[in-house]
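A look at the structure
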Amino acid sequence: KLKELKLDKNTIIIFTSDNGGETRVTSNFPLREGKSTLYEGGIRIPLIIWYPDKINGGKSIDMMTINFDLFPTICNLCNIKIPDNLFLDGISLVPFLFEKPSAKIKKRTLYWYYPLEKKHFLGGRSSGAINNNRWKLIEFYDTGEKELYLLKNDIGETKNLISVHPKIAAKLQKKL
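Residue numbers here run from 1 along each chain, matching the order of that chain's written sequence. Where local features are concerned, this predicted model is filtered to residues with pLDDT of at least 70; where side-chain atom pairs are given and counted, the filter is 80 or more; whole-chain, interface and lining totals use all residues. As a rule here, side-chain values cover all heavy atoms of the structure and leave hydrogens and water aside.

Right, let's talk about the side chain of Asn28 for a bit. Within the secondary structure layout, Asn28 lies in the loop between strand 1 (13-15) and helix 1 (40-43). When a residue's accessible area, from a 1.4 Å probe over protein chains only, is under 20% of the maximum for its type it is buried; when over 50% it is exposed; and in between it is partly exposed. With a relative accessible area of 15%, Asn28 lands in the buried category. Polar side-chain contacts of Asn28 include one of 3.0 Å to the backbone oxygen of Gly21. Two residues qualify as a contact provided that any one of their heavy atoms is within 4.5 Å of a heavy atom in the partner residue. Residues contacting Asn28, with those up to four places away along its chain left out, are Gly21, Thr23, Glu33, Gly34 and Gly41. Put simply, DSSP H or I for four residues or longer makes a helix, DSSP E for two residues or longer makes a strand, and each gets a number counted from the N terminus. Between N or O atoms, a polar contact is any pair within 3.5 Å; within protein, one atom must be a potential hydrogen donor and the other a potential acceptor, and residues adjacent in sequence are included only when both atoms are from side chains.

Our next topic: a nonpolar patch on the surface. Here a patch means residues that are over 30% exposed by relative accessible area and free of salt bridges, tied together within 9 Å if like-charged and within 5 Å if nonpolar (Val, Leu, Ile, Met, Phe, Trp, Tyr). Note on areas: Shrake-Rupley with a 1.4 Å probe; residue coverage comes only from the protein chains shown. Each salt bridge in this description consists of a side-chain nitrogen of Lys or Arg and a carboxyl oxygen of Asp or Glu lying within 4 Å of one another. A surface patch of nonpolar side chains, about 420 Å² in accessible area, is lined by Tyr111, Tyr113, Tyr141 and Leu176. As for its position among the elements, Tyr111 is in strand 3 (residues 110-114).

All right, on to the sheet that holds strand 4 (residues 127-131) then. Backbone hydrogen bonds hold the strands of a sheet together, and the pairing may be parallel or antiparallel. On the basis of which strands lie adjacent, the open sheet formed by four strands has the order 3-4-5-6 and antiparallel pairing. Every other strand in the sheet has two partners, leaving strand 3 and strand 6 (146-150) as the edge strands with one partner each. Neighbour-to-neighbour, the strand axes of the sheet open up by a mean angle of 10 degrees, direction not taken into account. In this sheet, strand 4 lies alongside strand 3 in antiparallel orientation, the contact comprising five bridges. Residue pairing in the sheet places Tyr113 in a bridge with Gly128 of strand 4. Between the N-to-C directions of two axes lies an angle of 0 to 180 degrees, each axis being a line fitted to C-alpha atoms and, for a helix, fitted only over the stretch in contact. Across the face of the sheet, helix 4 (residues 166-175) comes into contact with strand 3, strand 4, strand 5 (135-140) and strand 6 while running at roughly 65 degrees to strand 5. Should DSSP find at least two bridges between two strands, the strands are regarded as paired.

Scope: geometric values only; no functional claims are made or implied.
Structural data, given as structure tokens:
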């Protein structure tokens, strides 16, 4: 329809989600769990940005983003200046979309806070998580239990390394 209306050259389409798939109707394999949890199956989502003649398609960028990044990215793509005094949680992804090999993302830490009075009907528990692009710590508020994963080696979060790396867990816990 965009082509028919001659809007396809000046339209940005973003495909994403707010959280992972519901495990009763889909599989998030190889990711663990799904919607309502802070495991990767519940928080890792697709992000596809389509903007013909502006962004070269067919490439994949392996980087940690969050939906907060969409506002500064869209402003940047549309040449809209964001006021200097406006604090943004996100960053513009534009340098990564235009295949600039020198574009490097600063190390960033992402946080999730999911307080619940009782277990979610899809299985999620009251919890918080921190991911620093290497290590991920999840704390379950209902029991105080903590889990630590090295995602680059264990995307399915199958091996809890909390007892192997207690100092890393303590450092992440303090930040969380």
